[in-house]
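This is what each chain is made of:
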Amino acid sequence: MLRLVFRRLLALAPLLFIVSVLTFSFTSLLPSDPVDLIIGDTGTQEQHEMVRERLGLNQPIVVRYVQWLGRAVRGDLGNSFFNSVSVTGAVMQRLPVTLSLTAVSALIAIIVGIAAGVAAALRPRSWIDRLATVGATIGQAIPNFWFGLLLVAIFAVNLRWFPATGFTPISVSPWDWLRSVTLPAVALGLSSSAAIARQVRSAMVGVLQQDYIRAARAQGLSARRVILKHALTNAMVPVVAVLSFQITVLLGGALIVEQVFAINGLGTLAITAVRQQDIPMIQGLVLVMVGLVVIVQLATDVIYGFLNPKARPS
Amino acid sequence: MTARATDSGATRSRRPRWLAGGSFVIVAVAAAVLALLLFLAIFADLVSPYDPLTQNLMDSLQGSSAAHWLGTDDLGRDVLSRLIYGCRIAVIAAAEATTIALLIGVPIGLFIGYRGGWWDWIVMRVVEAIVSIPGIMVAIVILALLGTGLHKAMIALGILFSTSFLRLARGVVLAEREEVYVRSARVIGASDSRILLRHILPNIAPPLIVQTTLTVGAVLLAEAGLSFIGLGVQPPDASWGTMLSTAAAYMDLHPFLAIPPGIAIILTVLSVNLIGDVIRDGIGRGITVAARHDTPVARFEAASAVEPSAAALPPLRPDEVLRVEGLQVTVASQDGTGVPLITDLSLSIAKGETLGLVGESGSGKTLTGLAILGLTSVALRTTHGSIMLNGRDLRSLSQREIQHVRGNEVAMVFQDPTTSLNPAFTVGSQIAEVLRAKKGLSKKEAWERTVALIDRVGIPRPEERARAFPHELSGGMAQRIAIARALSCNPSLLIADEPTTALDVTVQQEILDLFRDLQAEFGMAILFVTHDLAVAADICDRISVMYAGEMVEMAEVGRLFARPRHPYTRGLLTAMPHASDRNPPLPTIRGNVPRPGTWPAGCRFSNRCDFRIAACERRIPLTGTNRLVRCIRAEELSLEAAQ
Ligand code: SF4
């Protein structure tokens, strides 16, 4: 298993590199001069030069990139153009928020997706299959932030079961954390559970026709065991293969859903940074996102290897 | 005929046909929604009752009224009017972003697909990098450069979604390139680029159309999202996303504000996706918006039993393990009546005996094995007859009871060992699992017993092999494992379905020997299903020949081979290759086994039989006592053959 992790890590390393080059060079194309943004048009030529010097903007882009990367590797993503806070600090402060939301919604999406997909696959064309199919179709057309608004109206404003806004860190109170993360996570997980349900259903329908399922039944194993162990393990193989994509989608969705619940996560940070054209912040955010994506991919690769022995390096 | 027609009509109307019959309706509704959207977008100025930007602070956050059908928002603007103008934004957004995506993605994709080499490598790495980041983050980076606003947001989305068009176009070029290479059998030159283009254009259109519908749906959702977080359409302009953003601020005071734009988004996206699905399906099978065919709803009652042949019932024996009488298996059919697959099948097997079930594919022999286990697929059902195993009728058992019987009293070995073992688990764990579930052994006991069983079926280094996955074993080895699993609970009946067919010839004999060995040791009865008479001759005590769902002859092996009585058996025997002759001129029986539902009314072999007479058009019973045969001319023909 270690060898698998290592091999995948090697394969994913270039991705990190390319993304860093891309974001760095891309954000350096900025049409407006960041110095203008910072000190306004009123500053003197000298002031401009000083700021330019301080930000290292007077050096060639390649040099700037190498310097930036060198610091980034050591965990220093530079400072915001605007309030000089450290990008690493700002991102790390909000990372747990967005991660909580993404992780819980992924969990919900996986559980709901598998349950609905399996139920539908067991009885193709039954009412439950139709319900799941219709549900999945509609689920994928509902914007997650709108669903979030709906949940707020019902469960926060009307029933008062959950807080309408805000986020409590898990370290402060696990219970309040769960309460604050539930509604946004459900809103976020909806369309992914629909997508996963579709995939599980089609994979499961295929697997259930396999010889080994019939052989397991012929051996007198219970239907429950055959479905949940023998069939599902195999049906999850193609699902896990695309799971990292779904989690990436959730990570992106979290940025928007956070706004519905006034949660101060990476989304808020990103939106502010865009409006202010705060380059170091955006570069840092992208890099952190890619880092997360790489970790998720690594994890799903390992699970994939576990479910599918043929994929393991021998 | 008329009775049948009304009957099936009635059946159809009883079925829920949500997708089949309803799909046309759904597509029509989706198309109507999109038409309405376009209409409102174009004529927003004429249709909307108010100016979407006119404020009236006296009238803010009103509910539905005659003046304002959908009420007003926080600034007293008419929600309906804003919704209608939102249609315009939605159409513009979808058109703009999709066009940009097409214009960027397709040419670049064609180019790198055609050029290959470094261009291709670099661009594809960039594309991989872009798609690995959450889409919204990509849009945010681009918007950081461009600034916010509808058109800038759509450029960002256009760039984002261009990656899928790019990959699609590249894929089509690569595929067609291959084609052209193959056809012209030479490396492509400059003059061939026109040929390539001519091949690409017709092939790229269908997937492009599908991808476009997918993109339109995604753009609509993304635009709403970007406007919602304030990076797309800017207030006070009315878009569904900005309307929701306003609504978000008033969820406690006036939650209704979120409903109209939300419904508008969902309906639009849903309609686009549904139309896209239909187009995709249509392209998949040559542009027909045909309703899906329903799988037949199981209606088996209509199939009447084929009257059993009195003589066919085998005489009772004290050491009998399995006794099947008058078995009939039926498949549900399109018109609601059942089509029989097996009729009037009776057989018995004693302890330590091996009965061969022989026939061409399509004769129903494999199905017989599955029917005994009660494992036929959902559309099939055993409609008549009894299956007595150790004195108990399996057909009368509950699901729980028959589950207990499977594995413990009867087990099955399947044709292809590489597919009958679960690829996800080690072979040892699959045997141990059965032992634990059926015999209640502890983990350790089960494992020890498993290793012993693997050793018993003649696999060297059993400890080690038990930890192997199915794909790591050879076919013969895997079949030994499957046999070990089947025998793990010491069943009194083993059903072997073509257990040697998928194996290498050299391995076949070993497996047959293993069966013989194990039978001598465990004493189980074996129902050996095969199409290969030579294999049956090798291992069976008696042979039943099946044809078109019924037994046509049954005899002890020696007698069957010495004097086959049914013309079909004779045909099979003459078609059988002999070890002695190198190039046997195989006289096969002309024609094929007729498919179920097309069986001749009388003797089912009559359309292939050289000895047919007029009397053969009646139903032929199985006759005889120890040897059975289903042919009215059996007596005279066997006499003739003897001369
Ligand atoms: S009954 Fe007639 S048609 Fe059928 S096998 Fe005998 S001779 Fe041939």
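For the structure, see preceding data.
Residues numbered from 1 in each chain as written. Chains lettered and ligands numbered in written order. Predicted model: local features only at pLDDT ≥ 70, side-chain atom pairs only at ≥ 80, totals over all residues.

## Observations regarding the overall build of chain A
Logical step 1: Helices and strands together make up the secondary structure of chain A, namely 13 helices and zero strands.
Logical step 2: Listing each helix as α and each strand as β along chain A from the N terminus yields α-α-α-α-α-α-α-α-α-α-α-α-α.
Logical step 3: Counting only C-alpha atoms and orienting by the principal axes, one finds that chain A spans roughly 85 × 55 × 35 Å.
Logical step 4: Taken across its 314 residues, chain A has 46% of its residues classed as buried. (Helix = DSSP H or I, 4+ residues; strand = E, 2+ residues; numbered from the N terminus. Buried ≥ 20, exposed ≤ 12 C-beta atoms within 10 Å, placed from the backbone.)

## Considerations on the environment of Ala144 of chain B
All names here are of chain B.
Logical step 1: Secondary-structure assignment places Ala144 in helix 6 (residues 135-146).
Logical step 2: Among the residues examined, Ala144 registers 28 C-beta atoms within 10 Å and is labelled buried.
Logical step 3: Between the C-alpha atom of Ala144 and that of Ala466, which follows or precedes it by 322 residues, the distance is 59 Å.

## A word on the site of the ligand
Logical step 1: In the vicinity of the ligand, the residues found are Pro567, Cys603, Phe605, Ser606, Cys609, Phe611, Arg612, Cys616, Ile620, Cys631, Ile632 and Arg633 of chain B.
Logical step 2: The class makeup of the residues in the shell around the ligand is nine nonpolar, one polar and two charged. (Near = placed C-beta within 6 Å. Nonpolar A, V, L, I, M, F, W, Y, C, P; charged D, E, K, R; others polar.)

## Examining the interface of chain A and chain B
How large an interface is tends to be reported as the accessible area lost when its parts come together.
Logical step 1: Opposite the 63 residues of chain A that make contact, chain B presents 60 residues.
Logical step 2: Every element with two or more residues in the side of chain A that touches chain B is listed here: helix 1 (2-27), helix 6 (127-139), helix 7 (144-158), helix 9 (211-218), helix 10 (223-241), helix 11 (243-260), helix 12 (266-276) and helix 13 (279-307) of chain A.
Logical step 3: Split by residue class, the side of chain A that touches chain B holds 40 nonpolar, 16 polar and seven charged. (Contact = placed C-beta atoms within 7 Å.)

## Observations concerning the nonpolar core
The nonpolar side chains of a soluble globular protein tend to be buried, and buried together.
Logical step 1: Counting 265 residues, the largest nonpolar core has Leu149 and Leu285 of chain A together with Leu244 and Leu493 of chain B as its most contacted members.
Logical step 2: Each residue touching Leu493 of chain B, except ones within four places of it in the same chain, is listed here: Val321, Leu322, Ile349, Leu389, Glu409, Val410, Met524, Ala525 and Leu527 of chain B. (Core = buried A, V, L, I, M, F, W, Y, C linked by C-beta atoms within 7 Å.)

## Thoughts on the pairing of strand 1 (residues 320-332) of chain B
Residues and elements named next belong to chain B.
Logical step 1: When you tally the buried positions in strand 1, you get ten out of 13 residues, the bulk of the element.
Logical step 2: Taken together, the nine bridges between strand 1 and strand 2 (residues 338-350) define a ladder with antiparallel strand orientation. Following the sheet pairing, Arg323 is matched in strand 2 by Ser348.
Logical step 3: Two strands pair when backbone bridges link them, and strand 1 and strand 4 (residues 380-389) are joined in this way by eight bridges, in the antiparallel orientation. (Pairing = 2+ DSSP bridges.)

## A closer look at helix 9 (residues 240-249) of chain B
Logical step 1: Where burial is concerned, most of helix 9 of chain B is hidden: nine out of the ten residues are buried.
Logical step 2: Listed in full, the buried residues belonging to helix 9 of chain B are Trp240, Gly241, Thr242, Met243, Leu244, Ser245, Thr246, Ala247 and Ala248 of chain B.

## Side note on the packing of helix 10 of chain A against helix 13 of chain A
All names here are of chain A.
Logical step 1: Packing of helix 10 against helix 13 leaves a shortest axis separation of 9 Å and a crossing angle of 155°. Of the possible angle classes, the one that applies to helix 10 and helix 13 is roughly antiparallel. The way helix 10 lies across helix 13 gives a crossing that is left-handed. Residue-level contacts link Thr233, Met236, Val237, Val240 and Ala241 of helix 10 to Thr300, Ile303, Tyr304 and Leu307 of helix 13.
Logical step 2: Classifying every residue of the contact of helix 10 with helix 13 gives seven nonpolar, two polar and no charged. (Axes fitted to C-alpha atoms, helices over the stretch in contact; angles between N-to-C directions. Parallel < 35°, antiparallel > 145°, perpendicular 65-115°, else oblique. Left-handed = near helix turned anticlockwise from the far one by under 90°.)

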